[in-house]
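Overview (structure and organization)
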Amino acid sequence: MAVSRSGELTVVDDEAIEPLIELSMPGPVAAGLHALDLGALGVALEPDKTYRWFVAVVHDPRRRSRDELAEGAIERIEVSGAQAADATAGAASGERAA
């Protein structure tokens, strides 16, 4: 489902004071998976460390208590060349992301 409102993405490291990423997403935002080039943002995730992400749909910028929130976790893991080849062999791009 597409979202007609603006949104915000935040990625945090619980051991840091400042968020790693704070991005505004002007609406509308299309439904589906969206790629984010961390390198272009100057961000590199450390291996075997868990980070938290938050997405907020902003209904009223003056009353942020009305935001709709979603959150989750992401962890970068190192895989061997053989594991990466096995995981992607014959898979479509959507399957590789999963």
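Bear in mind that the values here come from a model prediction, so they are computed numbers and not experimental data.

Here we come to the side chain of Asp13. Along the chain, Asp13 falls in the loop between β1 (6–12) and β2 (21–25). Reaching out from Asp13, the side chain makes a polar contact with the backbone nitrogen of Glu15 at a distance of 2.9 Å. Within polar-contact distance, the side chain of Asp13 engages the side chain of Lys49 at 2.7 Å. For Asp13, the residues in contact, after removing those within four places along its chain, are Leu20, Lys49 and Tyr51.

For the rest of this paragraph, the subject is the nonpolar core. Side chains that are nonpolar tend, in soluble globular proteins, to be buried together. Membership of the largest hydrophobic core is limited to six residues, which are Leu9, Val11, Ile21, Val43, Leu45 and Tyr51. Apart from the residues within four sequence positions on either side, Val43 is in contact with Leu20, Ile21 and Leu38.

This part covers the environment of His34. Tracing the backbone through its elements, the reader meets His34 in the loop between β2 and β3 (50–58). When its relative accessible area of 53% is taken as the criterion, His34 is described as exposed. Polar side-chain contacts of His34 include one of 2.8 Å to the backbone oxygen of Ala30.

To continue, consider the sheet that holds strand β4 (residues 68–75). Across the sheet, four strands lie side by side as β2-β1-β3-β4; this open sheet has antiparallel pairing. Every other strand in the sheet has two partners, leaving β2 and β4 as the edge strands with one partner each. Averaged over all pairs of adjacent strands, the angle between strand axes in this sheet comes to 15°, irrespective of strand direction.

Thresholds, definitions, all that
Residues numbered from 1 in each chain as written. Predicted model: local features only at pLDDT ≥ 70, side-chain atom pairs only at ≥ 80, totals over all residues. Heavy atoms only, no water. Helix = DSSP H or I, 4+ residues; strand = E, 2+ residues; numbered from the N terminus. Polar contact = N/O pair within 3.5 Å; in protein donor to acceptor, adjacent residues only side chain to side chain. Contact = heavy atoms within 4.5 Å. Core = buried A, V, L, I, M, F, W, Y, C linked by side-chain atoms within 4.5 Å. Buried < 20%, exposed > 50% of the residue type's maximum accessible area, 1.4 Å probe, protein only. Pairing = 2+ DSSP bridges. Axes fitted to C-alpha atoms, helices over the stretch in contact; angles between N-to-C directions.

This is a description of form; function is not addressed.
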